[in-house]
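Listed below are the residues making up each chain.
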Amino acid sequence: LKKVQRRFVYNGETLLDANITVKDLHLDTMKIEASEADSLKLQYSLKMESGYSDGEERMIPVYKAGVLESKGVFDVLEKDTTVQHRFDQKLGKVTVTMTASILPVLLEETEHLRKYAYFCNEQLASKLKGLLAQKRIKDYLKQPFEHVRSIKQLIKKLHEARRQDGTWGWWKNSEAELWISRHVIEALLAAEKAGYATGVDKKEMATYLVYQLAAFKGMDKLDALELLHEMDARVDFKAPIERYEAELRQRSSPSTVYTKFRLIHLKQQVGLPFSIDSLLKYKHQTMLGNLYFGTVRPGYQFFDNTIQTTLLAYQVLKAGGKHKDMLVKMRNYLLEQRATGYWRNTYESSLVLETILPDLFEENAKLKPSQVVLTTNEKKQTIHQFPYTELMEAGNLGVQKEGDLPVYFTAYQQYWNARPEKVTKDFTVKTWFE
């Protein structure tokens, strides 16, 4: 038998301090009730007559029952417009944010491309496209551009990585990939147009592609035809396109929306007849009211996904000149997809930049800058500088927007709901054990 003194302390309060004689085992059970504190501090210790002592201290977190909820509005303020909102004073202050340009966002994306740590040929070409876009944005914003040397180094690296037949693969000596070759040639041609010496031998590349055209299958044939068009090669595009369409009809599986849009885009570029009316049925709308095309979500396919298909649809609709309102909502969808702060990969980032950037420059040059007048509890303030963020008192909030550029307006309150009810509005979360 051993005589033991044990002690139990809860949040600084001693709940047990007594001796007991133990032969083999003794179990202490204490009932405690969690307080309003964010954690419980528990101490249990023992001491024997021999002088031996031991003990433990544990911190147990206390989680508040309920959930932090946000309640608010999101508006895309187009043209001149006025809206009124009412916020419940019981729910606390209102956070208001507004942005009126996506150029800073795209500038951040170009810097992300520049700093990307890897250097396969696709990434080299994407970095080059990104830096060319960064220079255009900085020139527009009248900011200094500091990476001319990097552009020249990327051009040099791409030349060194070219295969003997004039194409590119993932790496210098790897098997040719026509989509990567097209991506590289596009980047070099863009650099040439921007005034950089690239040494692109378009004649050599065109000769190789024409010679191999009959052997190419599937997407490789489309890549080759698009590349020939981009290099202004004198080719009869009608016959190979008709053969490609015949191949599609012979397949057991139907063509994807991505393939259909890609084929229409090629026909549109080379001046062959086409129709996009049947493809407009593949248009979808997000919860924020933005538009996208296709059915395969990003992350499941590298090419055939809603981002790539939407980019193709954007180019087709833009060239058609009849759907300007749709183009704005498609650009907004692409911005929605930067869920992690950037687009999924370097190839995707470079395609988005080169597709939407020219329109943003054109719109910003022609359109009247926007301003917003906020009216809260009879107080007015006019905002000219964006992005804008402020914490305001709840109540009536009037928003009057003037100008041609859209303003993205968000206002919300956050509050603790101790007894949340089940909600199945825009999406449902399910959990289970396996």
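Residues numbered from 1 in each chain as written. Predicted model: local features only at pLDDT ≥ 70, side-chain atom pairs only at ≥ 80, totals over all residues. Heavy atoms only, no water.

Talk me through the sheet that holds strand S11 (residues 379–383); I want residue IDs and the actual numbers.
Sheet architecture is open: 4 strands sit in the order S6-S13-S10-S11, paired in antiparallel fashion. Edge strands, defined here as strands with exactly one partner in the open sheet, are strand S6 (81–86) and S11. Along the sheet, successive strands turn relative to each other by an average axial angle of 15 degrees, direction set aside. (Pairing = 2+ DSSP bridges. Helix = DSSP H or I, 4+ residues; strand = E, 2+ residues; numbered from the N terminus. Axes fitted to C-alpha atoms, helices over the stretch in contact; angles between N-to-C directions.)

With reference to specific residues and values, describe the nonpolar core.
Counting residues in hydrophobic clusters, the biggest one holds 81 residues, and the most contacted among them are Leu106, Leu128, Leu209 and Met330. It is helix H4 (residues 178–193) that provides the largest number of residues to this core, a total of 9 residues. Val372, Leu374, Val399 and Phe409 belong to the second-largest nonpolar core, a separate cluster that totals 17 residues. (Core = buried A, V, L, I, M, F, W, Y, C linked by side-chain atoms within 4.5 Å. Buried < 20%, exposed > 50% of the residue type's maximum accessible area, 1.4 Å probe, protein only.)

So what's going on with the packing of helix H6 (residues 218–230) against helix H8 (residues 257–270)? Which residues, and what values?
Close contact between H6 and H8 brings their axes to 11 Å; oriented N to C, the two are set at 25 degrees. Comparing their axes, H8 and H6 come out roughly parallel. Helix-helix and strand crossings are classified by hand; for H6 and H8 the assignment is left-handed. Of H8, the residues touching H6 (which contributes Met219, Leu222, Asp223, Leu225, Glu226 and His229) are Tyr258, Thr259, Arg262, Leu263, Leu266, Gln269 and Val270. Looking at side-chain class alone, the contact of H6 with H8 contains 7 nonpolar, 3 polar and 3 charged residues. (Parallel < 35°, antiparallel > 145°, perpendicular 65-115°, else oblique. Left-handed = near helix turned anticlockwise from the far one by under 90°. Contact = heavy atoms within 4.5 Å. Nonpolar A, V, L, I, M, F, W, Y, C, P; charged D, E, K, R; others polar.)

Tell me about the sheet that holds strand S1 (residues 2–10), residues and numbers included.
Taken together, the 4 strands give an open sheet; going across it, the order is S2-S1-S3-S4, and neighbouring strands pair in antiparallel fashion. The open sheet has two free edges, formed respectively by strand S2 (13–22) and strand S4 (53–61), since each of these has just one partner strand. Mean inter-strand twist for the sheet, computed between neighbouring axes without regard to direction, equals 15 degrees.

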